[in-house]
Each structure stands twice: as structure tokens, then as C-alpha cells.
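Structural description and commentary
The chain contents come next:
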Amino acid sequence: QVIRQWTGLEELGTELSRKLGIQKVMVVPGGDDHDLTKHRMARSACGYMAGVLQEGSIVAVTGGSTVASVADEAVTAGLPAGIRFIAARGGTSGDVKSQANMIAAMLAAATGGDWTPLHLPETLAETSIGPLMEEPSVMEAMDLYNRTDCIVHGIGDALELARRRGADEATLEKLAAEGAAAEAFGYYLDRDGSVIHRLLTIGLNRSQIDRIPHPLAVAGGKEKAGPILAYMKQAPGQTVLVTDEAAAREMLRLS
Ligand code: F6P
């Protein structure tokens, strides 16, 4: 019974990966129970990472509750030791467990690896960015971003993420008027995956992301079907998506 369930999901993933134009889609059962499916997605994500990473690999991570569950699962996932983890951007207020720096530190502790902190606020004043780029710790992070083997990232609804980041009403209205549909890495995207707004931030940028051999997106829940579809419109072709059945079926219905 269980094997039949997962076999069906494998076919679902294959169909979806063709539609999305990405390398692979891994679908876990369920979707209504967010905690349970996050745990399952995290296990699948760790399984994938264990297969492609090795000692010395560099892995960047974004924040968010879904990527945080990957760190929870990593303890028993058999990832190779000696991986270097780095936050893909700086810190925000809110749940400390969902911060990229914390997730990088937890992954390093769970797998016998190391981590490089990026101790910056996630959003910066425009005038701060130039001088901060001269900081040795930021230069070290930039060097690691240029050599990153795998990025583990979440995908969210644009307006929800903007609210989570404390955007004011004017910004929210502007994003809505421009058709903001998805958010990933601090980029706000419309339904075609085009960037309509970007956080003023220092972190992994779009051209670095395009060059990463193993971009791993982890996002599920029926309500994320729209944001995932939007993000995948212009995602790197080598992207692997780990999602759940509810999001996968809704994506097929919408596309
Ligand atoms: O804020 C970091 C981030 O990875 C966003 O880029 C993404 O949209 C969001 O978290 C996903 O959060 P969650 O996994 O909690 O839905």
C-alpha cells in the first residue's frame, strides 16, 4: 500500500518536472498537516543532498520554517561530514529558528560540518551596501557564494512574505498592483517569474544562483502552488523541487 502510494507520487513528480522545465520534482504524501509534510519534505531534501554532496561541498541556505525543518532532519540523514554551510542572507526579527544563520549553524552541528556566519541585517540602507561589501567577512561570504554547490531555499507568497518583513501599506499596495505572486531569496516575482522588486540586501544574488549545480527548492502546501509555479517560470533548469502531494496536484490543475 505504502509503496504503491509513493510510486504514484513518483509519476506525479515526473509529470510535474516536465511541465515546470526543471530537473526533478520529488513529491511526498499529504499536504493538510503542515508539520508532518514539512518533516517528510525535509527527509526527502536531506536524502537528495546526501546523494550529491561530499566533504568540502559548500551549501547556502535561506531562512523560513520549511528550510528550518531540513536542519531538524539532518541529524539522522546520513549527510557527509565536512560540508560548509552559509546563510544566503542576513538576519531578520522573528522566529530565531527560521533564520538563515541559525539554520546554517544547526546543519553544521547536525552533520559534523562547519558554517560561515553572515552577521548583517537582511535589509540594508542603500548607502550601507557599498561600504559593507568591503568588510572582510562579507568578502569571504561572497567568495563562498561564487563557489556554492547547493542552495537549499524556500518559496513563499509575495504579499505574505512582505508582511512578514514588516512592509508598509504603500509597499504592499505597490506589490499587489504589480501582480506580485512569489518570493524567493528576497526577490519578489510576478506570475511569469520576472523580478518586480528586490530587497536591499547583501546575499546570494540571482546570477550566482543560476550557476549553482544543485539548487534545491523546498516548498509545499496547496496555498504555495501559485508561488511555486511563478518561481519555476524562470528558475534554473537544474533546479530540484521537493514538494507535497497537495501542492503538486494543485500545480497540475493550475498549469
Ligand atoms: O524568508 C526566507 C524565506 O526562505 C523566503 O525567501 C521564502 O519565501 C520563505 O522563507 C518561506 O518560508 P516558509 O518556509 O516558512 O513558508
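Summarised in this report is the structure supplied together with it.

The rules behind the values
- Residues numbered from 1 in each chain as written.
- Predicted model: local features only at pLDDT ≥ 70, side-chain atom pairs only at ≥ 80, totals over all residues.
- Heavy atoms only, no water.
- Near = heavy atom within 4 Å.
- Polar contact = N/O pair within 3.5 Å; in protein donor to acceptor, adjacent residues only side chain to side chain.
- Areas by Shrake-Rupley, 256 points an atom, 1.4 Å probe, with all protein chains shown as cover.
- 1 Å grid on protein atoms, 1.4 Å probe; cavity = no way out; pocket = protein on both sides within 12 Å on 5 of 7 lines; lining within 4 Å.
- Sits in = over half its atoms within 2 Å of the grid points.
- Helix = DSSP H or I, 4+ residues; strand = E, 2+ residues; numbered from the N terminus.
- Pairing = 2+ DSSP bridges.
- Axes fitted to C-alpha atoms, helices over the stretch in contact; angles between N-to-C directions.
- Contact = heavy atoms within 4.5 Å.
- Parallel < 35°, antiparallel > 145°, perpendicular 65-115°, else oblique.
- Left-handed = near helix turned anticlockwise from the far one by under 90°.
- Nonpolar A, V, L, I, M, F, W, Y, C, P; charged D, E, K, R; others polar.
- Buried < 20%, exposed > 50% of the residue type's maximum accessible area, 1.4 Å probe, protein only.
- Lys, Arg positive; Asp, Glu negative; His and termini not counted.
- Salt bridge = Lys/Arg side-chain N within 4 Å of Asp/Glu carboxyl O.
- Points joined across faces, edges and corners; volume = space filled by probe spheres on them.
- Phe/Tyr/Trp six-rings, centres within 6.5 Å; stacked < 30°, edge-to-face > 60°.

**Details of the site of the ligand**
Surveying the vicinity of the ligand reveals 15 residues, the closest of which are Gly63, Ser65, Thr66, Glu183 and Lys224. Here an oxygen atom of the ligand sits 3.1 Å away from a polar atom, N or O, in the side chain of threonine 62. Within the side chain of serine 65, one N or O atom sits 2.6 Å away from an oxygen atom of the ligand. Within the complex, 91% of the 410 Å² of free accessible area of the ligand lies under protein. Applying the majority rule of atoms within 2 Å of the grid points places the ligand in the largest pocket. Contributions of two or more residues to the shell around the ligand are made by α3 (65–73), α7 (158–164) and β7 (182–184).

**Looking at the sheet that holds strand β5 (residues 150–153)**
Sheet strands line up and pair through hydrogen bonds in the backbone, either parallel or antiparallel. Spatial strand order, β1-β11-β10-β5-β2-β3-β4: seven strands in an open sheet with parallel pairing. Looking along the sheet, the strands with just one partner apiece sit at the ends: β1 (24–28) and β4 (114–116). Across this sheet, the average inter-strand angle for adjacent strands is 20 degrees, counted without regard to direction. Along the sheet, helix α6 (residues 136–146) makes contact with β2 (58–61), β3 (84–87) and β4, crossing β3 at roughly 115 degrees.

**Concerning the packing of helix α10 (residues 225–232) against helix α11 (residues 245–254)**
Axis separation between α10 and α11 bottoms out at 9 Å; the angle between their running directions is 65 degrees. Classified by the angle their axes make, α10 and α11 are roughly perpendicular. α10 and α11 meet at a crossing whose hand is right-handed. Within the contact between the two elements, α10 uses Ala225, Gly226, Ile228 and Leu229 and α11 uses Ala247, Glu250, Met251 and Leu254. Among the residues making up the contact of α10 with α11, the classes are represented as six nonpolar, one polar and one charged.

**A short note on the sheet that holds β7**
Taken together, the four strands give an open sheet; going across it, the order is β6-β7-β8-β9, and neighbouring strands pair in antiparallel fashion. Here the strands that pair on one side only, and so sit at the sheet edges, are β6 (156–157) and β9 (195–198). Alignment of β6 against β7, held across two bridges, turns out to be antiparallel. Within the sheet, the bridge partner assigned to aspartate 157 lies in β7 and is alanine 182. Across the sheet, α10 touches β6, β7 and β8 (187–189), and the angle it forms with β7 is around 65 degrees.

**Observations regarding the side chain of arginine 206**
Its place among the elements puts arginine 206 in helix α9 (residues 206–211). In this structure, arginine 206 is buried with no salt-bridge partner, the nearest side chain bearing the opposite charge being aspartate 210 at 4.8 Å. Discounting chain neighbours no more than four positions away, the residues touching arginine 206 are Tyr187, Leu189, Gly193, Val195 and Gln234.

**Details of the layout of surface pockets**
Estimated volume of the largest pocket: approximately 790 Å³. The wall of the largest pocket is formed by 39 residues, among which Gly63, Gly64, Ser65, Leu161 and Arg164 lie closest to the centre. Elements with a contribution of two residues or more to the lining of the largest pocket: α2 (34–52), α3, β6, α7 and β7. Its residues placed into classes, the lining of the largest pocket shows seven nonpolar, 20 polar and 12 charged.

**Let's talk about the packing of aromatic side chains**
Inspection of the entire model under this criterion finds one aromatic pair. For the pair phenylalanine 185 and tyrosine 231, a centre-to-centre distance of 6.2 Å together with 55 degrees between the ring planes defines the contact as tilted. Of the two residues, phenylalanine 185 is situated in the loop between β7 and β8 and tyrosine 231 in helix α10; the sequence distance between them amounts to 46 residues.

**A few points about the environment of alanine 217**
You can see alanine 217 is positioned in strand β10 (residues 214–218). Judged by relative accessible area, which is 0%, alanine 217 ranks as buried. Separated by 192 residues in the primary sequence, alanine 217 and valine 25 have C-alpha atoms spaced 9.5 Å apart. Apart from the residues lying within four places of it in its own chain, the contact partners of alanine 217 are His153, Ile155, Met232, Thr239, Val240, Leu241 and Val242.

Remember that the coordinates give geometry; whether it matters functionally is a separate question.
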